[in-house]
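# Fold and contact review
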Amino acid sequence: MRTAIYPGSFDPLTNGHLDVIERAAKLFDRVVVAIAINESKNPLFSLAERRELVSRSVEHLKNVEADTFTSLLVDYVEQRSGQAIIRGLRAVSDFEFEFQLALMNRKLNERVETIFMVPKDTYTFLSSRIVKEIARLGGDVGAFVPPHVKEALKKKLSKAR
Ligand code: ADP
């Protein structure tokens, strides 16, 4: 059983994340989308809300599940009997940080491999941060996130006003 862990903030999940998840689901027996607390990023959605948004987005993928984690990533990978960490690479700008993270995780646990996946070209400009910014300013994010994420953004931001 080959298990990959796809960690991130997913605040909220975008079509770019989903594209990476769908690609990973074809390569691995099981993919766990692992949502990190990431309080330092001051998330818009709570951990439980982000998990629910991810769960609904992956309902059509039988070998994908959503989970949350608060521990060190490599420890979480071991705990879930995973072999690999999936990370998405959008542009050269992602590379430096991701490279550092991958080597650090290898130092912490040599058995865990990091695999980089490239999304469909139309999603390379997408980030949760930009989606939130557009939604906050009243723009239509329908092309960038699943419909239920668009609704959740609308609800959350109308409350915040
Ligand atoms: P983090 O805070 O860990 O960067 P994110 O939720 O922003 O969490 O991203 C999780 C992972 O998904 C990262 O590897 C990031 O590079 C990747 N990712 C984010 N947006 C996209 C996208 N549009 N296409 C492909 N990968 C993406």
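Residues numbered from 1 in each chain as written. Predicted model: local features only at pLDDT ≥ 70, side-chain atom pairs only at ≥ 80, totals over all residues. Heavy atoms only, no water.

## Quick look at the site of the ligand
Within the structure, the ligand sits among 18 residues, and Y6, S9, F10, K41 and G88 are positioned closest to it. Interatomic distance of 2.9 Å between a backbone N/O atom of L126 and a nitrogen atom of the ligand. For the ligand, whose free accessible area comes to 540 Å², the fraction covered by protein is 91%. Counting residues per element, the ones that place at least two in the shell around the ligand are β1 (3-8), α1 (15-27), β4 (84-88) and α4 (92-108). Residues of the shell around the ligand, tallied by class, amount to seven nonpolar, six polar and five charged. (Near = heavy atom within 4 Å. Polar contact = N/O pair within 3.5 Å; in protein donor to acceptor, adjacent residues only side chain to side chain. Areas by Shrake-Rupley, 256 points an atom, 1.4 Å probe, with all protein chains shown as cover. Helix = DSSP H or I, 4+ residues; strand = E, 2+ residues; numbered from the N terminus. Nonpolar A, V, L, I, M, F, W, Y, C, P; charged D, E, K, R; others polar.)

## Let's talk about the pattern of salt bridges
Here the structure, examined in full by the defined rule, presents 13 salt bridges. One salt bridge in this structure joins D19 and R23, with 2.7 Å as the shortest N-O distance. In this pair, D19 and R23 both sit in helix α1, four residues apart, roughly one turn of the helix. Assessed through its relative accessible area of 33%, R23 is described here as partly exposed. Across the salt bridge formed by R111 and E78, the nearest N and O atoms sit 2.8 Å from each other. Within this pair, whereas R111 is found in the loop between α4 and β5 (113-117), its partner E78 is found in helix α3 (residues 73-79), the two being separated by 33 residues in sequence. Note on E78: relative accessible area 36%, which makes it partly exposed. What you see here is one network of salt bridges that share partners, running through R30, R51, E65, D67 and R80. (Salt bridge = Lys/Arg side-chain N within 4 Å of Asp/Glu carboxyl O. Buried < 20%, exposed > 50% of the residue type's maximum accessible area, 1.4 Å probe, protein only.)

## Re the sheet that holds strand β3 (residues 64-69)
Strand order in this open sheet of five strands is β3-β2-β1-β4-β5, and the pairing throughout is parallel. At either margin of the open sheet sits one strand with a lone partner, and together these are β3 and β5. Ignoring strand direction, the axes of neighbouring strands in this sheet form an average angle of 30°. With six bridges joining them, strand β2 (residues 30-36) and β3 adopt parallel strand pairing. Bridge pairing links I35 to T68 in β3. (Pairing = 2+ DSSP bridges. Axes fitted to C-alpha atoms, helices over the stretch in contact; angles between N-to-C directions.)

## Comments concerning the environment of L103
In this fold, L103 is placed in helix α4. Looking at L103, the relative accessible area reads 40%, which means it is partly exposed. Taking the C-alpha atoms as reference, L103 lies 36 Å from G142; in sequence the two are 39 residues apart.

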